[in-house]
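Residues per chain, in single letters:
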Amino acid sequence: QQQVKQSPQSLIVQKGGISIINCAYENTAFDYFPWYQQFPGKGPALLIAIRPDVSEKKEGRFTISFNKSAKQFSLHIMDSQPGDSATYFCAASIGSQGNLIFGKGTKLSVKP
Amino acid sequence: GEEVAQTPKHLVRGEGQKAKLYCAPIKGHSYVFWYQQVLKNEFKFLISFQNENVFDETGMPKERFSAKCLPNSPCSLEIQATKLEDSAVYFCASSQYRNPGNTIYFGEGSWLTVV
């Protein structure tokens, strides 16, 4: 049973466009929802994160939208740049446990 | 240190051989996590530690996998009698606390190839 479902698997966006990646979760005990960015050959790095008591969080060009009733959250990358080309993972965790449950990742390619 | 340091970066083992990976968490971080990332990018949680104590080992294949975090030593993940299916990148991560919102920092991974 996959606890965090992520879509799409891959995404191609033109430079300057908006990239949108969606995730859905099942476990209502999750209380922390981070997004990680991973470049080839590197470890995942935290991009932005949200708690379920907030519906939206924005940091620069990156925004998380969170819908608690629908158990869904999404990452929006505004003004996408070729340097944003990477694999993005949504994740969820329960504070009492600490470990992250990852989605399967979205490979983003931003074309110049 | 200011980053999670993993060694070795690459390791090749023949099927049936032992593999041992090491991880130095960020200084001051009490929690260490091990994850396995297979070719399809999927992350599988293996085990976590709070200081030298196992906190959560629900993801560990206990028959061949073991892990330790001893005081004043790097943490380690050991695979006895490796199998082809163990080929993956193994990531170590650390965090200062366990409560929600506390950032988990990842190392660059150790790439294990079993031939």
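This text goes with the structure placed above it.
This is a predicted model, so every value here is computed, not measured.

Reading guide: rules and limits
Residues numbered from 1 in each chain as written. Chains lettered and ligands numbered in written order. Predicted model: local features only at pLDDT ≥ 70, side-chain atom pairs only at ≥ 80, totals over all residues. Heavy atoms only, no water. Buried < 20%, exposed > 50% of the residue type's maximum accessible area, 1.4 Å probe, protein only. Helix = DSSP H or I, 4+ residues; strand = E, 2+ residues; numbered from the N terminus. Pairing = 2+ DSSP bridges. Axes fitted to C-alpha atoms, helices over the stretch in contact; angles between N-to-C directions. Phe/Tyr/Trp six-rings, centres within 6.5 Å; stacked < 30°, edge-to-face > 60°. Salt bridge = Lys/Arg side-chain N within 4 Å of Asp/Glu carboxyl O.

Caption draft 1: The pairing of strand β1 (residues 4-7) of chain A, seen in detail. Residues and elements named next belong to chain A. Of the two faces of β1, only the one carrying Val4 and Gln6 is buried; Lys5 and Ser7 on the other face are not. The pairing of β1 with strand β3 (residues 19-25) spans four bridges and is antiparallel. When the sheet's bridge partners are listed, Ser7 is paired in β3 with Asn22.

Caption draft 2: Inspection of the sheet that holds strand β8 (residues 72-77) of chain A at higher detail. All names here are of chain A. Read across the open sheet, the five strands follow the order β1-β3-β8-β7-β6; overall the sheet is antiparallel. For this open sheet the edge positions go to β1 and β6 (56-59), each flanked by a neighbour on one side alone. Averaged over all pairs of adjacent strands, the angle between their axes in this sheet comes to 15°, without regard to strand direction. When β6 meets strand β7 (residues 62-67), the two strands line up antiparallel, connected through four bridges. Bridge pairing links Glu56 to Ser65 in β7.

Caption draft 3: Focus on the sheet that holds strand β8 (residues 75-79) of chain B. Residue and element names in this part refer to chain B. With respect to topology, four strands assemble into an open sheet ordered β1-β3-β8-β7, the strand pairing being antiparallel. Edge positions in the sheet fall to β1 (5-7) and β7 (65-68), since each has one partner strand and no second. Here the strands of the sheet are splayed against their neighbours by 15° on average, with no regard to which way each runs. Of the strand pairs in this sheet, strand β3 (residues 19-24) and β8 are connected by five bridges, and their pairing is antiparallel. When the bridges of β8 are listed, Leu21 appears paired with Leu77.

Caption draft 4: Representation of the packing of aromatic side chains within the structure. Scanning the model with the defined rule gives 23 aromatic pairs over all chains in all. On the numbers, 5.7 Å between centres and 85° between planes, the contact of Phe102 of chain A with Tyr35 of chain B is edge-to-face. Placement of the pair is Phe102 of chain A in strand β10 (residues 100-102) and Tyr35 of chain B in strand β4 (residues 31-37), with the two residues belonging to separate chains.

Caption draft 5: Structural detail: the pattern of salt bridges. Throughout the structure, instances matching the rule amount to nine salt bridges over all chains. Measuring nitrogen to oxygen at the nearest pair gives 2.8 Å for the salt bridge that ties Asp84 of chain A to Arg61 of chain A. In this pair, Asp84 of chain A is assigned in the loop between β8 and β9 (86-93) and Arg61 of chain A in the loop between β6 and β7, connecting sequence segments 23 residues apart. Asp84 of chain A sits in the buried class, given a relative accessible area of 5%. Between Lys18 of chain B and Glu78 of chain B there is a salt bridge; the shortest N-O distance is 3.6 Å. One end of the pair, Lys18 of chain B, is in the loop between β2 (10-13) and β3; the other, Glu78 of chain B, is in strand β8, and 60 residues separate them in sequence.

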